[in-house]
Amino acid sequence: MRLKKVAQSILPTRWGNFLIVAFKEKNKKINVNNHLALIYGDIYHEKKTILARIHSECLTGDSFFSLRCDCGRQLKTALNVISQEGSGILIYHRQEGRNIGLINKIKAYALQDIGLDTVQANHKLGFSADERDFKICSDIFKLLKIKKIRLLTNNPKKVKILSQFGINIQERVPLIVGINKKNKFYVHTKKNKMGHFF
């Protein structure tokens, strides 16, 4: 297990009260990431398979309301869907820019400004299309004693990788938030080059 649970508290939001749980990577590096789980309601109901979302950090979309991606809208929609469900988990996966980091993400934006798509930009910078490590997320589910979920995602890679790490995904639940003029090319690339469902 590469993580340990280090803190938790109540987080009041516009969608209701969540329990926010902080996890720290067990790593000797100075700059380790702290990941979060936002838990709503009773996630241990015996007769219910819990609804879960993995949301990878996107400072530009989540905090600055960027229109060039769909991340901010996905975050808000997921929290709303979980609250409407009555219970669920959102893992806030702190791997910015599909884990290339904030600075490289801005460099990738600059390459996209001159015509490259999001995959081409990552490759130009020496990265794969997606550098994220989803085993961290499977570890969080295991620390929370959750082994069976309904996963709120459009990304088939998340389903495949979490299944490989022992998480039983009983259903993929679509997360459709719409497209705008600024992110149309980005969403098109995710669908056609990365296999996302829309």
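Residues numbered from 1 in each chain as written. Predicted model: local features only at pLDDT ≥ 70, side-chain atom pairs only at ≥ 80, totals over all residues. Heavy atoms only, no water.

Let's talk about the nonpolar core
Point 1. Within the largest apolar cluster, 24 residues are counted, with the highest numbers of intra-cluster contacts made by Ile89, Ile140, Phe141, Leu144, Ile146, Ile149 and Leu162.
Point 2. Going through the elements one at a time, β2 (16-25), β3 (34-40), β4 (50-56), β5 (88-93), α6 (135-143), β6 (148-152) and α7 (156-164) are the ones with two or more residues in this core.
Point 3. Considering each element in turn, this core owes the most residues, four residues, to α6.
Point 4. Other than its neighbours up to four places away in sequence, Ile146 contacts Ile43, Tyr44, Ile50, Ile89, Phe141 and Ile167.
Point 5. Within the second largest apolar cluster, 15 residues are counted, among which are Phe18, Leu90, Tyr92 and Leu175. (Core = buried A, V, L, I, M, F, W, Y, C linked by side-chain atoms within 4.5 Å. Buried < 20%, exposed > 50% of the residue type's maximum accessible area, 1.4 Å probe, protein only. Helix = DSSP H or I, 4+ residues; strand = E, 2+ residues; numbered from the N terminus. Contact = heavy atoms within 4.5 Å.)

Overview of α6
Point 1. When α6 is considered as a whole, its buried residues turn out to be Ile136, Cys137, Ser138, Asp139, Ile140 and Phe141.
Point 2. After α6 finishes, the residue Lys145 shows a positive phi value of roughly 60°.

Concerning the pairing of β2
Point 1. Note that strand β1 (residues 3-13) and β2 share ten bridges and pair antiparallel. Among the inter-strand pairings, Lys5 is bridged to a residue of β2, identified as Phe23.
Point 2. What sits between β1 and β2 in their antiparallel hairpin is a turn of two residues.
Point 3. Strand direction decides the pairing type here: β2 and β3, joined by six bridges, are antiparallel. When the sheet's bridge partners are listed, Lys24 is paired in β3 with Asn34. (Pairing = 2+ DSSP bridges.)

Overview of the confidence of the model for the chain
Point 1. Of the residues in the chain, 93% have a pLDDT of 70 or more, and the chain-wide mean is 90.
Point 2. Confidence, expressed as mean pLDDT per element, reaches its minimum in the chain at helix α8 (residues 184-194) with 69 and its maximum at β5 with 98. (pLDDT = per-residue confidence, 0-100.)

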